[in-house]
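Chain and residue survey
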Amino acid sequence: MLLHSILWSILILSTNNGFIKAFTNTYNRDWRRPTDTLVYVVDIKDYVSMSKTSRKWLKISVNEKKRQLFELLEKRTLKIEYIFAIDLVTGDVYEDPRGDLDFFQRKKRKRQLHKQDMSLWNSSVSKKMHSLINYLQLNNTDYIFQISGIFETNNKDLYWIIRDQDIYAIVISASGNEITEYPAEYYINRVAENSVFERNF
């Protein structure tokens, strides 16, 4: 039993390392991201909704999806967009007014970000953002991303971070008052509801 657990841990680590390498290579080669000190929140996407990987995702069981999540993401041609960016010194949030249009129109241009007035946001959205900003200010994070099609339930927000070659899941409560960090494999196998993995990406 112990040997099985050790082998499973090695398999997860190996799979995650492949994804981390693919993700960081894509991120670091992306000339569209401005050169500045902002923290960019990435959305992992796919140009073709019915790509080979997406079709496989639809066919496999929830347990297989949990086991193969990062392996499948690694094998995709990683397409990323920047949802927003955060200035960790001032706590300001920046967004591109075009949103995801560049992605869907396959337009390549350097991102042009504008400071947002969070006082105009819905209170629960604003609370969640302040919780995320506070978390990032207090915790070292190499990269932060979301996965298109993989969402938490009951109005909670889900982010993933890469820190020191490990992946963690960050869940923000619906109220925005709580934020919890889990090792990725623990979140996937012990915390997340099956419905999180039932959608297509």
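For the structure itself, look to the data block above.
Attention here is on the structure that accompanies the text. Values in this document were obtained by computation on a predicted structure and should not be read as measured data.

The rules we used
- Residues numbered from 1 in each chain as written.
- Predicted model: local features only at pLDDT ≥ 70, side-chain atom pairs only at ≥ 80, totals over all residues.
- Heavy atoms only, no water.
- Buried < 20%, exposed > 50% of the residue type's maximum accessible area, 1.4 Å probe, protein only.
- Helix = DSSP H or I, 4+ residues; strand = E, 2+ residues; numbered from the N terminus.
- Pairing = 2+ DSSP bridges.
- Axes fitted to C-alpha atoms, helices over the stretch in contact; angles between N-to-C directions.
- Parallel < 35°, antiparallel > 145°, perpendicular 65-115°, else oblique.
- Contact = heavy atoms within 4.5 Å.
- Nonpolar A, V, L, I, M, F, W, Y, C, P; charged D, E, K, R; others polar.

As a further point, take the pairing of strand β5 (residues 143-147). Extensive coverage of β5 is indicated by the burial of five of its five residues. Here β5 shows two buried faces, one formed by Y143, F145 and I147 and the other by I144 and Q146. Relative to β5, strand β1 (residues 39-45) is paired through four bridges, and the arrangement is parallel. By the bridge assignment, V41 is partnered in β5 with I144.

Moving on, we get to the packing of helix α2 (residues 52-59) against helix α3 (residues 62-75). Between α2 and α3, the shortest axis-to-axis distance is 11 Å and the interhelical angle comes to 175°. Looking at the two axes, α2 sits roughly antiparallel to α3. Residue-level inspection shows T53, K56 and W57 of α2 in contact with α3, the latter providing K65, Q68, L69 and L72. A class-by-class count of the residues in the contact of α2 with α3 yields three nonpolar, two polar and two charged.

Read these as spatial facts, not as claims about activity.
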